[in-house]
Amino acid sequence: YSSIRIRPDAYVAFGAFYSAMLLLAKTVHRKPLTLFLRSLVFKIDEITEKAFIVRKIAAFVERIGMKNADRIICMTKAMQSELSIFLGKTATKSSILPNNILPAPSNAVAPEEIDRLLKERNEHFTLLSAGVLDQRKNISFLLESVRLLELQNPNCKITLLIAGDGPLKTKLEEQAKELSSVFFIGWVPDLASLYPLVDLMIHPSLHEGMPNTLMEALGSELPVLASDIPEHREILEHDSLLFPLSDAKHLAETLKELIQNKEQLSSIRTLALERKQAYEFDWGEQAVELVFDNCDL
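1. Overview of the environment of Leu 23
- Within the secondary structure layout, Leu 23 lies in helix H2 (residues 23–29).
- Classification of Leu 23 as partly exposed rests on a relative accessible area of 37%.
- Apart from the residues within four sequence positions on either side, Leu 23 is in contact with Ile 64 and Asn 68.

Here you go:
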């Protein structure tokens, strides 16, 4: 019998769970481990109200994985701050490497039924929101804002497309059943295909790591509005691109202004383009540098 023994110079894990699975290998070979964190599972589990015992077990495994790492690479300062609270005092070094923005695909084609729907409402201001339909994405808040907008402006021409599926879909559809402007379109395999058809991406999440939906919209030069949470503020920076989660009426008023004032929408687009340029870099190159730097620990 013969075998091949792999002796790595370093370990890389994308997620604390996988870092925990490498505990034995790292202990045996005594090589550094770099952990790239894409999300904080313990935070998501809390918001989505996972069962108490499930949250405790998941948090325990996450903590092991994080403490097993010699360096943790976070996507935002907000994530780094949450991590330090979760871990308490730790010698683990942490760095920040955000997601980058990739060029938008040029050959994406929207599903026929959505294309047809929007052509029927071609004079409408079209919003798009996308993601897993659970508590964290906070679609209920968005629906309440649209309800207030319709109530105060019955002749307002607006269409809201909600892409995605999840445990709250039925409940959200019930909330929106009397809103003529809202359409649940399910999972869209290529979300970028919708970007040329809509006027604004809106992202009302309670918590994020670094949302792909938002970054892809920026990459497609689509104007964006997002909830004023630390992660979104770090990405977007400008107050004009953020809205508070404490007041649905405030968002309704903001949408009304954007619908009625094309110059305001143009300003939003300009600011979003500026933020896009801040995230155009070679992510792979910087990630490799961080991993090899960790080898010298």
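That covers the picture; the talk isn't over yet.
2. Some thoughts on helix H4 (residues 52–68)
- If you check H4, its first and last C-alpha atoms are 24 Å apart, about what 17 residues at 1.5 Å a residue would give, namely 24 Å.
- Against helix H1 (16–21), H2, strand E2 (33–36), helix H3 (41–47), strand E3 (71–74) and helix H5 (77–87) lie the buried residues of H4.

3. Focus on the packing of H4 against H5
- Relative orientation of the contacting elements H4 and H5 amounts to 105 degrees, with a least axis distance of 11 Å. When the interaxial angle is binned, H4 and H5 end up roughly perpendicular. When H4 is examined against H5, the residues Ala 59, Glu 62, Arg 63, Met 66 and Lys 67 are found in contact with a partner set consisting of Leu 83, Phe 86 and Leu 87.

4. Some remarks on the pairing of strand E9 (residues 224–227)
- As paired strands, strand E8 (residues 200–203) and E9 are joined by three bridges and run parallel to one another. Bridging across to E9, His 203 finds its partner in Ala 226.
- Regarding topology, helix H9 (residues 212–219) serves as the crossover connection from E8 to the parallel E9, and that connection is right-handed.
- Handedness of the crossover joining E9 and strand E10 (residues 242–243) through helix H10 (residues 230–236) is recorded here as right-handed.

5. Side note on the packing of helix H11 (residues 248–260) against helix H12 (residues 262–278)
- Where H11 meets H12, the closest approach of the two axes is 5 Å, and the angle between their N-to-C directions is 105 degrees. Regarding the angle of H11 to H12, the classification is roughly perpendicular. Between H11 and H12, the contacting residues are Glu 257, Leu 258 and Gln 260 on the first element and Lys 262, Gln 264, Leu 265 and Ile 268 on the second.
- Along the lines of polarity and charge, the residues of the contact of H11 with H12 split into three nonpolar, two polar and two charged.

6. A word on the packing of aromatic side chains
- Applying the stated criterion to the full structure yields six aromatic pairs.
- Their ring planes at 15 degrees and their centres at 4.9 Å tell us that Phe 14 and Phe 36 sit as a pair that is stacked. Of the two residues, Phe 14 is situated in strand E1 (residues 11–14) and Phe 36 in strand E2; the sequence distance between them amounts to 22 residues.
- Ring geometry for Phe 36 versus Trp 283: centroids 5.6 Å apart, planes at 50 degrees, classification tilted. On the criterion of sequence distance, the pair formed by Phe 36 in strand E2 and Trp 283 in helix H13 (residues 283–294) is long-range, its members being 247 residues apart. For the pair Phe 36 and Trp 283, a shared accessibility class is recorded, and that class is buried.
- Through a chain of ring-to-ring contacts, three or more aromatic side chains come together here, namely Phe 14, Phe 36 and Trp 283.

Cut-off values and rules
Residues numbered from 1 in each chain as written. Predicted model: local features only at pLDDT ≥ 70, side-chain atom pairs only at ≥ 80, totals over all residues. Heavy atoms only, no water. Helix = DSSP H or I, 4+ residues; strand = E, 2+ residues; numbered from the N terminus. Buried < 20%, exposed > 50% of the residue type's maximum accessible area, 1.4 Å probe, protein only. Contact = heavy atoms within 4.5 Å. Expected span 1.5 Å × (residues − 1). Axes fitted to C-alpha atoms, helices over the stretch in contact; angles between N-to-C directions. Parallel < 35°, antiparallel > 145°, perpendicular 65-115°, else oblique. Pairing = 2+ DSSP bridges. Right-handed = clockwise from strand over helix to strand, strands pointing away. Nonpolar A, V, L, I, M, F, W, Y, C, P; charged D, E, K, R; others polar. Phe/Tyr/Trp six-rings, centres within 6.5 Å; stacked < 30°, edge-to-face > 60°.

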